[in-house]
Amino acid sequence: MVRELTKIVYKPFPESTEDYIVIVNPAEYKRWKAGGISIPLTEVVDSFQIFWSNQGSQGLLGTPSNQQLENVFGTHKDVDVITQILQKGKEETGKGIRTGEVGTNLSKGSMAVDTKGKSTTGIP
């Protein structure tokens, strides 16, 4: 199952390479942004996780420290920080973001790990 998700990217300064990112459900975010602020954030955001990257929004994503959040947003409370990112951030659609399922290439085998020291190939 693939759901379409959207990233909201907030840059504290235009010349900064730091990005703070929240993943949202696009339909609910558009309703929230259009004035439906009474919509609970639990319906708008995919998770209450804030991502941070110093390589741009396409780089490796990590989790910011409380100190970083305090310096940029004036608080480290996730609800307050997420609200600021949603209000001030820029929307970037990510149609390739997958949630819920992990796809594996079944043609490469069962991905079982042999911990007994014997391989299943070559056994008569």
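Details of the structure are given in the entry above.
Asks: When you look at the environment of serine 47 in this model, what are you seeing that I'm missing?
Replies: When you line up the elements, serine 47 lands in the loop between helix 2 (41-44) and strand 3 (51-53). A residue is classified by how much of its surface remains accessible, and serine 47, at 29% relative accessible area, is partly exposed.

Asks: Sorry, what's going on with the pairing of strand 1 (residues 5-10) here?
Replies: Every other side chain in a regular strand lies on the same face of the sheet, so the side chains alternate between the two faces. Of all six residues in strand 1, six are buried; the element is thus mostly enclosed. Judged by which residues are buried, strand 1 turns out to be covered on both faces: Leu5, Lys7 and Val9 on one side and Thr6, Ile8 and Tyr10 on the other are all buried. Bridging between strand 1 and strand 2 (residues 19-24) involves five bridges; their strand directions are antiparallel. Counted as the bridge partner of tyrosine 10 is tyrosine 20 from strand 2.

Conventions adopted
Residues numbered from 1 in each chain as written. Predicted model: local features only at pLDDT ≥ 70, side-chain atom pairs only at ≥ 80, totals over all residues. Heavy atoms only, no water. Helix = DSSP H or I, 4+ residues; strand = E, 2+ residues; numbered from the N terminus. Buried < 20%, exposed > 50% of the residue type's maximum accessible area, 1.4 Å probe, protein only. Pairing = 2+ DSSP bridges.

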